[in-house]
Amino acid sequence: MNNRYFFALDIDDSPELIAEYEEIHRNVWPEILKSITDSGITQMQICRAGNRLVMLMETDDTFSFERKAMMDADNPVVQEWEQLMWKYQKAIPVAKEGEKWVLMDKIFDLQESMV
């Protein structure tokens with residue numbers, strides 16, 4: 001069974017930094033792609049409107065947020081990537097201290113509404 005999660009994040013509103021951020025994401029480091037898939041994430045998409053980002057993440061049954069956090073903490077390449085991302089990323093107003101991507105609450109689902 002797949003699980004689907006949505007997250008929100010802001011990035012710096014500078015056109016130059018937005019262009020850099022998008023270019024980096026056209027060429028994500030292979031180690032980062034491997035860390036994502038090794039954690040049980042089967043699909044990930046990031047979309048942008050202005051400086052607001054929304055990420056869709058689909059996972060298999062092996063995924064847990066705790067396991068992903070432990071894997072990331074033990075991976076120096078992931079830590080280097082995350083440090084680089086802080087150049088561009090800004091927490092949204094509802095984020096907790098040190099939190100970047102904020103898990104969004106689902107408020108509507110067409111499939112569930114049709115039952």
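Below or above, wherever it landed, is the structure these notes cover. Keep in mind the model is a prediction, meaning the values are calculated, not measured.

**A closer look at the overall build of the protein**
- Along the backbone of the protein there are five helices and five strands.
- Mapped in sequence order, the helices and strands of the protein form the string β-α-α-β-β-α-α-β-β-α.
- A principal-axis box enclosing the C-alpha atoms of the protein has dimensions of 45 × 30 × 30 Å.
- By residue count, 30% of the 115 residues in the protein fall in the buried class.

**Focus: the nonpolar core**
- Membership of the largest hydrophobic core comes to 20 residues, with the highest contact counts inside it found for Tyr21, Ile32, Leu53, Trp81 and Trp101.
- Looking at this core, the elements with two or more residues in it are β1 (3-11), α1 (15-26), α2 (30-38), β3 (52-59) and α4 (76-85).
- When near neighbours in sequence (up to four residues on either side) are disregarded, Ile32 contacts Val77, Val78 and Trp81.

**Things to note about α4**
- Every buried residue of α4 is accounted for by Val78, Trp81 and Met85. Each buried residue of α4 sits inside an arc of 60° when the element is viewed along its axis, so together they form one side. Those residues of α4 that are exposed and aimed more than 90 degrees away from the buried face are Pro76 and Gln83.
- Residues of α4 that are buried in the fold lie against α1, α2, α3 (65-73) and β4 (89-90).

**Looking at the side chain of Ser35**
- Residue placement: Ser35 occurs in helix α2.
- Given the relative accessible area of 9%, Ser35 is considered buried.
- Within the structure, the side chain of Ser35 is placed 2.8 Å from the backbone oxygen of Ile32, a separation counted as a polar contact.
- Non-local contacts of Ser35, meaning those with residues more than four positions away in its chain, are made with Lys68, Met71, Asn75 and Val78.

Thresholds, definitions, all that
Sequence positions are assigned chain by chain, starting from 1 and proceeding in written order. For a predicted model such as this one, the threshold for reporting local features is a pLDDT of at least 70, and the threshold for listing and counting side-chain atom pairs is 80 or more; totals across whole chains, interfaces and linings nevertheless cover every residue. With hydrogens and water excluded, all non-hydrogen atoms of the structure serve as input to the side-chain values. In DSSP terms, a helix is any run of H or I states spanning at least four residues, a strand is any run of E spanning at least two, and both are numbered starting from the N terminus. The cut-offs for exposure are 20% and 50% of the maximum accessible area for each residue type, with area from a 1.4 Å probe on protein chains only; residues under the lower value are buried, those over the upper are exposed, and the others partly exposed. For this analysis, a nonpolar core means a set of buried residues of the types Ala, Val, Leu, Ile, Met, Phe, Trp, Tyr and Cys, connected via side-chain atoms within 4.5 Å. What makes two residues a contact is simply this: any of their non-hydrogen atoms within 4.5 Å. Here, the arc refers to the directions that run from the helix axis to the C-beta atoms. We define a polar contact as two N or O atoms separated by no more than 3.5 Å, with the added condition that, inside protein, one atom must be a possible hydrogen donor and the other a possible acceptor, whereas residues neighbouring each other in sequence contribute only through side-chain atom pairs.

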